[in-house]
Amino acid sequence: MRTPSRLYDGPRALVRRQPLLPVLAVLLIVLSVSYDGFAGTANFRNIAVQASPLTIAAVGATYVVITSGIDLSVGSMLFLAAAVESSDALIGRPAGVVFLAVAAAGVCMGLLNGAAVATSRVPALIVTLATLQVFRGAGGHITGQQNINLPANLRDIGTSAVLGVPAPVWLAAAAALGGGWVFSRTLFGRYLQAVGSHRDAAVNAGLPVKWVTVGAYALAGLLAALASLTQTGRLGAVQPSIGQGYELTVITAVVLGGTSLFGGRGSITGTVLGALVLTTAQTGLVFSGASPYVFDIVRGAVLLVAVLAAAVRWRNPVRLFGPTRTSPSDGPRTVPAEAGATKLKELR
């Protein structure tokens, strides 16, 4: 018979793994008590729908951050994918053809980012800062910086419901479940963690570091395109402002969810919770009547605190591997030598 203390092992372990769960619960309770109508079914449904594109894009960004990379172009990828959706070549086509074309565009954008990062010594921060401008400029060229209304068959992905659940929520759930499965149950997922933790050791162990890096960015591009479909479907139009500043919200959701900016450690579940916490906080600010710019302050403060906490916690993440050396191509990162390579061979 289980002892009373062990009855709480499960919940306690869950809270230790996902500390954002009680944060989200407390946030929902406080806002529900503070504002009439917040606890209504319609509002919770609205929060889930608004969090869906952020969740989808953040799941893709999690793969990149786990490799110790960064993708500042996610908002611009979202905009360019929307521009492709509204282009003259695709307007009037069946929805399935348009969605496939948008997904292919997302993969191509991700491949461009990944190939540039993997094959050059240029930091991912600089590469994606450059492609941020390239993708947004290309999207502006396609749309002419004009609002473009979408036909009804392209709006369904953002406005329809299946079994009473909005389609964007289904897509976000599929992205989260699929992303979690790839991360935790596949060899590619283990390679992601290995590359992010100890890039030189991964190379010494014979892991396909470049291909893993390219794959992570390609997945990020694909999911950014899918997020774009839900966003434009819900709005019913492609607007020039789509995706502006979105990269910071996505990165905040990822880091808030426990993924280390130093790479090698992360959680898809944590990322989903991070997206829900940010969306719930933003909705609470709307109910309070606060200025919309307050959310920028909150988002920036949350990102700063999360980064500082990660720096304190993971400033020496490879201590157990013994002596370390630095890699000139990756900057002053701490990288294990032979001991790390031996350990990583177990992943193959």
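This text follows the structure it describes.
Keep in mind that this is a model prediction, so the values were computed, not measured.

Secondary structure assignment for the chain yields 15 helices and 6 strands. A total of 348 residues make up the chain; the buried ones form 48% of that total. Of all intrachain contacts in the chain linking residues separated by at least 6 positions in sequence, the fraction that spans at least 24 positions is 77%. Approximately 16700 Å² of the chain is accessible, and the part contributed by carbon and sulfur atoms is 65%.

Right, let's get into the side chain of S87. Its location among the elements puts S87 in the loop between α4 (74-85) and α5 (95-119). A distance of 2.8 Å separates a polar side-chain atom of S87 from the backbone oxygen of V84.

Moving on to the environment of G236. As for its position among the elements, G236 is in the loop between α11 (209-235) and β4 (237-238). Taking relative accessible area as the criterion, G236 reaches 9% and is therefore assigned buried. On a C-alpha basis, the gap between G236 and L154 in space is 8.0 Å, while along the polypeptide they are 82 residues apart.

A few words now on the side chain of N113. By the secondary structure assignment, N113 is in helix α5. One polar contact links N113 to T131, side chain to side chain, over a distance of 2.8 Å.

Moving on, we get to a nonpolar patch on the surface. Together, V122, L125 and I126 make up a nonpolar patch on the protein surface, roughly 240 Å² of accessible area in all. By secondary structure assignment, the location of V122 is in the loop between α5 and α6 (124-143). You can call V122 partly exposed: its relative accessible area is 37%.

With that out of the way, let us pick up the environment of L222. Within the secondary structure, L222 sits in helix α11. The residues touching L222, leaving out its near neighbours within four places in the chain, are A103, G106 and V107.

So, about unusual backbone geometry. Negative phi characterises most residues that are not glycine, and trans characterises most peptide bonds. Within the chain, Q145 stands out as a residue other than glycine whose phi angle is a positive 55 degrees. The topology assignment puts Q145 in the loop between α6 and β1 (148-149). Residue classification places Q145 among the partly exposed positions, given a relative accessible area of 44%. Backbone geometry places L163, a non-glycine residue, at a positive phi of 55 degrees. Along the polypeptide, L163 turns up in the loop between β2 (161-162) and β3 (165-166).

Our focus in this paragraph is α4. In a regular helix each residue adds 1.5 Å, so 12 residues correspond to 16 Å; α4 covers 17 Å between its end C-alpha atoms and thus fits that length. Taken across its 12 residues, α4 has 12 buried, putting it largely inside the fold. Buried within α4 we find V74, G75, S76, M77, L78, F79, L80, A81, A82, A83, V84 and E85.

The next point concerns the pattern of salt bridges. Evaluation of the coordinates by the stated rule reveals 1 salt bridge. For D296, the salt bridge goes to R299, with nearest N and O atoms at 3.1 Å. Of this pair, D296 and R299 both sit in helix α14 (residues 293-313), 3 residues apart, which is roughly one turn of that helix. We classify R299 as buried; its relative accessible area is 12%.

Turning our attention to helix α13 (residues 268-288). Taking 1.5 Å per residue, 21 residues should reach 30 Å; α13 reaches 30 Å between its end C-alpha atoms and fits that length. Among the residues of α13, the N-terminal cap falls to S267, whose side-chain oxygen and the backbone nitrogen of T269 are separated by 3.3 Å. G289 lies just past α13 and shows a positive phi near 80 degrees.

Here is what the cut-offs are and how they apply
Residues numbered from 1 in each chain as written. Predicted model: local features only at pLDDT ≥ 70, side-chain atom pairs only at ≥ 80, totals over all residues. Heavy atoms only, no water. Helix = DSSP H or I, 4+ residues; strand = E, 2+ residues; numbered from the N terminus. Buried < 20%, exposed > 50% of the residue type's maximum accessible area, 1.4 Å probe, protein only. Contact = heavy atoms within 4.5 Å. Areas by Shrake-Rupley, 256 points an atom, 1.4 Å probe, with all protein chains shown as cover. Polar contact = N/O pair within 3.5 Å; in protein donor to acceptor, adjacent residues only side chain to side chain. Patch = residues over 30% accessible without salt bridge, like charges linked within 9 Å, V, L, I, M, F, W, Y side chains within 5 Å. Salt bridge = Lys/Arg side-chain N within 4 Å of Asp/Glu carboxyl O. Expected span 1.5 Å × (residues − 1).

Note that all results are geometric; they support no functional claim without further evidence.
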